[in-house]
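# Examination of the molecular architecture
For reference, the chains in residue letters:
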Amino acid sequence: MSEAFALLPDYLAWHVLLSASALTLGIAISLPLAVAASRHPRLRWPLLAGAGLIQTIPSLALLALFFPLLLLLSRLTESLTGHGFSALGFLPSLLALTLYAVLPVLRTATTGLMGVDPAVREAADGVGMTPRQKLWRVELPLALPVIMAGVRTAAVWTIGAATLSTPVGQTSLGNYIFAGLQTENWIFVLFGCAASATLAICADQLLGLMEAGAARRDRRRVIAGGAGLLIGVAIALLPLVSFGKPAGYTVGAKNFSEQYILAELVAGRLERGGAHVVRKEDLGSAVAYRALAAGEIDVYVDYSGTVWTSILGRTDNPGREAVVDALTKELRARDGVVVLGSLGFENAYAFAMRRERAAELGVTSLADLARLAPRLKLGSDIEFLSRPEWKGVDAAYGFSFKREIRYQPTFMYRALASGDVDVISAFSSDGRIAADDLVVLTDPKGALPPYDAVVLVSGKRAGDRKLMAALEPLIGKVSVEAMRAANYSVDRDGDKATPAEAARALEAALN
Amino acid sequence: MAVTDIEIAGVEKRYGEHVALARVSLTIPAGQFVALVGASGSGKTTLLKTLNRLITPDAGAIRIGGEDIGAGPPHRLRRKIGYVFQEVGLFPHLTVGENIAVTPRLLDWPPARITARVEALLALVALPVAMASRAPSELSGGQRQRVGVARALAAEPGILLMDEPFGALDPLTRDALGTDVRALHDRLGLTTVMVTHDMAEAVLLADRIVVLRDGAVVADGAPEDLARSVADPGVRDLLDAPRRQALRLAARLGGGQ
Ligand SMILES: Nc1ncnc2c1ncn2[C@@H]1O[C@H](COP(=O)(O)OP(=O)(O)OP(=O)(O)O)[C@@H](O)[C@H]1O
Ligand SMILES: [Mg+2]
């Protein structure tokens, strides 16, 4: 709980900055559109239908779609002007949330403007107002109560949806929710929900005060609500102002416990060297590498096999060292990315069984497993069965399981423990392998590619001695047992450690 | 005061098949007070609105002081013409004072002059100065109409167009305000066109009465001339209405007086 509170100023500041900018931008876009829609019946339908259509896209997908779009645009501007921009983090989140804020405001503002008494509108012409004066002095003030209702809706939506910007690399209150979901830290999840809900309620109430003021032509209420909002936003943003000081390093992490721990390990070493570190966590697998290649994050840990298959598109398996060597050469040539070296352990796809079940069936290798597969049930995580690794191993051994069932990782381990499935697709550094006394089946044909944890550094930091000096001592020092223990301390059901605590324990065990 | 002759030449307005104005031609010399009368739907409002370009005619031309009103932006024309709407159309989000001050503000009058003007106009339309801070929704129908007249006169226009300005007033105030407006017309040298249903009012206030029927002028002249010369039975009926009414009233209230 206290750890959650310690993170609040930063998370809240970004969340407020993001939602307030998106809302402001959304209003700035939708008001002119609403004016056009209220004046021209022919524009009205396409505009409202278009905004409604955007609303039907799930917010997470909308955020996800902006990333590749911006990446493309960034490449384009870079090739034209020599300067790209960050396709990750704030920009895609801002754009997606802005689109989200447009519909409610557009809809109510159009209704509000069309609801202005035609006699009053004609009077505005009659007293000699220009069309612009009529809009600002008569139509908008009269439509304001209705518009404010739409702004309230937009504010609540935006604040809620802003929690989803975490996976595209934007810090928000969603960091609590996503990190909590991965490490099964339900207090974190609840904390994130409560914080976001409280923020939404506050914004809604203050905007409600302005709405009531607008409806009753009570200027004091409008001013009180507006001032409350401005002051609230200003206070929430204070932490960002002081964070702006030293331009530091950005450490990335994908969205599972080991990644959080390793990011903390790296960040901790940099911070102790006096550097300012920004963490970008919960990045999607492909997003992380691209962000590194683009220089938006400076360092993160990936796995040799993942980069080998997903980024380089290779399907062969020349062996652990050969893969790391080839990566070192090819990534440097391709993206300027530096492969600093392997941490010393693998987090490979592995097939794991309960020890007594494996002994009872006499299974020690994937070849044994393939023979008995028609009698056995396979449990896997959500994505494994769609990955190239599974296709490769399946082609090598020819599995035909009785059933294949997909689970969230936690439930996959429970299913194995309760005997619902006989074998699961695990990760070799998962702490639960040791804790649940599981055996990992051998791969005699070498069909599963190696997954050495490798430290990747972006090209723009290639000459950064301080960074390299801070990270080099980690190379080759992290054993799979140490990593499993660290992972387990975060993943276990009771007495959970936070990733930062686990990273400190892990580092202590290295020396 | 600028020359404010109004010249209406062959003005036509159609709504689909319906002819709202059929080639209306009128010349209103500066300083004249014209009453526009006619049955409901005869085109009175339509004609009045063409004078400040709230309605654009389909054919014909209108000149004020010799200049075609179609030249230049409409708001400039409208700031020089006071208009009292049939539906009053006060701005509900502004106070009475702000409603009256709206055109002077558009013309960037100095604030002190505006304040003085608002007070003078409230006095003119017989409303207490304290009413300036009220919202239009807090006024009676008649009070609103008076504010409508005050707003039209605020920027000291040379031309005053009024569409049934006294419709919701009690007879005494109606009589008084009518007389006041006529006095004002004379004092300021206005050119006034007033639409009314009430022939007695037209006869009492106007220098000239124009009768419309189905969008066309069917009678036009000074009240006393019309009373003498008109042969058209419809118009006759209309002109005789006040006298008939007076006789009936006298009969019902008892012949003693
Ligand atoms: N926007 C419009 N569309 C279609 N027809 C219209 C429109 N405005 C007015 N008309 C028609 O034009 C005719 C003249 O209307 P106008 O408002 O000038 O009448 P009026 O003499 O002012 O009547 P009243 O005394 O009832 O106010 C009427 O038949 C009316 O129905
Ligand atoms: Mg009318």
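Residues numbered from 1 in each chain as written. Chains lettered and ligands numbered in written order. Predicted model: local features only at pLDDT ≥ 70, side-chain atom pairs only at ≥ 80, totals over all residues. Heavy atoms only, no water.

### Observations concerning the interface of chain B and chain A
For the record, the criterion: By definition in these notes, contact holds between two residues if any of their heavy atoms fall within 4.5 Å. Put simply, buried area is how much 1.4 Å-probe accessible surface two parts lose in total, over both of them, once they are put together. What makes a salt bridge here is a side-chain nitrogen of Lys or Arg within 4 Å of a carboxyl oxygen of Asp or Glu, nothing more. For the purposes of these results, a polar contact is taken to be a pair of N or O atoms within 3.5 Å, where, inside protein, one atom must be able to donate a hydrogen and its partner to accept one; residues adjacent in sequence count only when each atom of the pair is a side-chain atom. The numbering of helices and of strands both runs from the N terminus, where a helix is a DSSP run of H or I of at least 4 residues and a strand a run of E of at least 2.
Counting from both sides, the interface comprises 18 residues of chain B and, opposite them, 17 residues of chain A. Across the chain B to chain A interface the summed buried area is about 1600 Å²; carbon plus sulfur atoms make up 65%. Among the residues chain B hides against chain A, the three largest losses belong to Phe91(B), His93(B) and Leu106(B). Together they make up 36% of the total. At the junction of chain B with chain A, the criterion picks out 1 salt bridge. In this structure, the connection of chain B to chain A is made through 5 residue pairs in polar contact (both at pLDDT 80 or more). With 3 residues, helix H4 (residues 102–106) of chain B is the largest single contributor of residues to the side of chain B that touches chain A.

### Some points on the coordination of the magnesium ion (ligand 2)
The cut-off we apply is this: A 2.8 Å cut-off from the metal defines N, O and S donors, relaxed to 3.2 Å for Na, K and Ca; water is not in the atom list, so some sites may appear incomplete.
Around the magnesium ion (ligand 2), the protein contributes the donor atoms Thr45(B) (OG1) and Gln86(B) (OE1), which lie 1.9 to 2.3 Å from the metal centre. Remark: Gln86(B) occurs in the loop between strand E6 (81–84) and helix H3 (96–100) and Thr45(B) occurs in helix H1 (residues 44–51); sequence separation between them is 41 residues.

### A few points about the side chain of Ser489(A)
All names here are of chain A. Going by this rule: Think of it in three bands: residues with accessible area under 20% of the maximum for their type are buried, residues over 50% are exposed, and the middle band is partly exposed, with areas taken using a 1.4 Å probe on protein chains only.
Mapping Ser 489 onto the fold places it in helix H20 (residues 480–491). Classification of Ser 489 by relative accessible area gives buried; the value is 12%. Separated by 2.7 Å, the side chain of Ser 489 and the backbone oxygen of Ala 486 make a polar contact.

### Considerations on the pattern of salt bridges
Across all of its chains, the model carries 44 salt bridges over all chains by this definition. One salt bridge connects Glu356(A) with Arg354(A), and the closest N-O pair in it is separated by 3.5 Å. We note a salt bridge from Arg213(B) to Asp232(B), for which the minimum N-O separation is 2.8 Å. In this pair, Arg213(B) sits in strand E9 (residues 208–213) while Asp232(B) sits in the loop between helix H9 (223–229) and helix H10 (233–253), placing the two residues 19 residues apart along the sequence. Note on Arg213(B): relative accessible area 37%, which makes it partly exposed. Residue classification places Asp232(B) among the partly exposed residues on the basis of a relative accessible area of 27%. Each of the salt bridges in this network shares a partner with another, and the network as a whole consists of Asp298(A), Lys460(A), Arg461(A) and Asp464(A).

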